Amino acid sequence: QVQLVESGGGLVQAGGSLRLSCAASRIIFGINAWGWYRQAPGKQREMVATITSGGDTNYADSVKGRFTISRDNAKNTVFLQINSLKPEDTAVYYCNADTWTYNGRIMKVWGQGTQVTVSS
């Protein structure tokens, strides 16, 4: 079974930076696309950034220009570089992978989440 393990979260002051990583294991048929999502207390989970197998990226308006998603296909790893952090970026950040199955379908897999806390 595919597993995703996130790392890189922590406590940082406003204006600071973090680099989140998410590594996938037990990948057999490949990963189509990756995504980073976040969920703040009392709010719904929201998309932060996505990247396709071809490298096309998409960002939430609230993070454009500050966040950068990238992927290392050889290592089945995705990254999220977060700059100019704001207190409103405080949330649990989740990694998502759209993985291929043996019959050509897509199966979504989620990581356990990593906490990002931004102090003002």
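The text that follows walks through the structure, step by step, so that each part is easy to find. (Residues numbered from 1 in each chain as written. Predicted model: local features only at pLDDT ≥ 70, side-chain atom pairs only at ≥ 80, totals over all residues. Heavy atoms only, no water.)

### What to know about the pattern of salt bridges
Oppositely charged side chains are able to pair whenever their charged atoms sit close together. Counted according to the given criterion, the structure contains five salt bridges. For R38, the salt bridge goes to D89, with nearest N and O atoms at 2.9 Å. With R38 in strand β4 (residues 31-39) and D89 in the loop between β8 (77-82) and β9 (91-100), this pair connects stretches of sequence that are 51 residues apart. Using a relative accessible area of 6% as the deciding quantity, one classes R38 as buried. For R66, the salt bridge identified is with D89, shortest N-O distance 2.7 Å. Taken together, the residues R66 in the loop between β6 (57-59) and β7 (67-72) and D89 in the loop between β8 and β9 connect sequence positions 23 residues apart. Each of R38, E46, R66 and D89 takes part in one network of salt bridges that share partners. (Salt bridge = Lys/Arg side-chain N within 4 Å of Asp/Glu carboxyl O. Helix = DSSP H or I, 4+ residues; strand = E, 2+ residues; numbered from the N terminus. Buried < 20%, exposed > 50% of the residue type's maximum accessible area, 1.4 Å probe, protein only.)

### Things to note about the side chain of R66
For R66, a relative accessible area of 10% translates into the label buried. In this structure the side chain of R66 is engaged in a polar contact, spanning 2.9 Å, whose partner is the backbone oxygen of S84. Residues contacting R66, with those up to four places away along its chain left out, are Q81, I82, N83, S84, L85, K86 and D89. (Polar contact = N/O pair within 3.5 Å; in protein donor to acceptor, adjacent residues only side chain to side chain. Contact = heavy atoms within 4.5 Å.)

### Some words on the packing of aromatic side chains
Applying the stated criterion across every chain yields a total of one aromatic pair. Note on Y37 and W110: the rings are 4.9 Å apart at their centroids and 65 degrees apart in plane angle, and the pair reads as edge-to-face. Within this pair, whereas Y37 is found in strand β4, its partner W110 is found in strand β10 (residues 106-110), the two being separated by 73 residues in sequence. Exposure remark for Y37: the relative accessible area of 18% places this residue in the buried category. Lying across the ring of W110, R45 places its NZ or CZ 4.7 Å from the centre. (Phe/Tyr/Trp six-rings, centres within 6.5 Å; stacked < 30°, edge-to-face > 60°. Lys NZ or Arg CZ within 6 Å of the ring centre and 35° of its normal.)

### Re the environment of G55
The residue G55 is located in the loop between β5 (46-52) and β6 in this model. With a relative accessible area of 37%, G55 lands in the partly exposed category.

### A closer look at the state of the cysteines
Here, the word disulfide means a covalent bond between the sulfur atoms of two cysteines. By the definition in use, this model includes one disulfide. Across a sulfur-sulfur distance of 2.1 Å, C22 and C95 are joined as a disulfide pair. Across the S-S bond of C22 and C95 the torsion is about -85 degrees, and the bridge reads as left-handed. Placement of C22 in strand β3 (residues 18-25) and of C95 in strand β9 is noted, with a sequence separation of 73 residues between them. Judged by its relative accessible area of 0%, C22 is buried. The class of C95 is buried, set by a relative accessible area of 0%. (Disulfide = S-S within 2.5 Å.)

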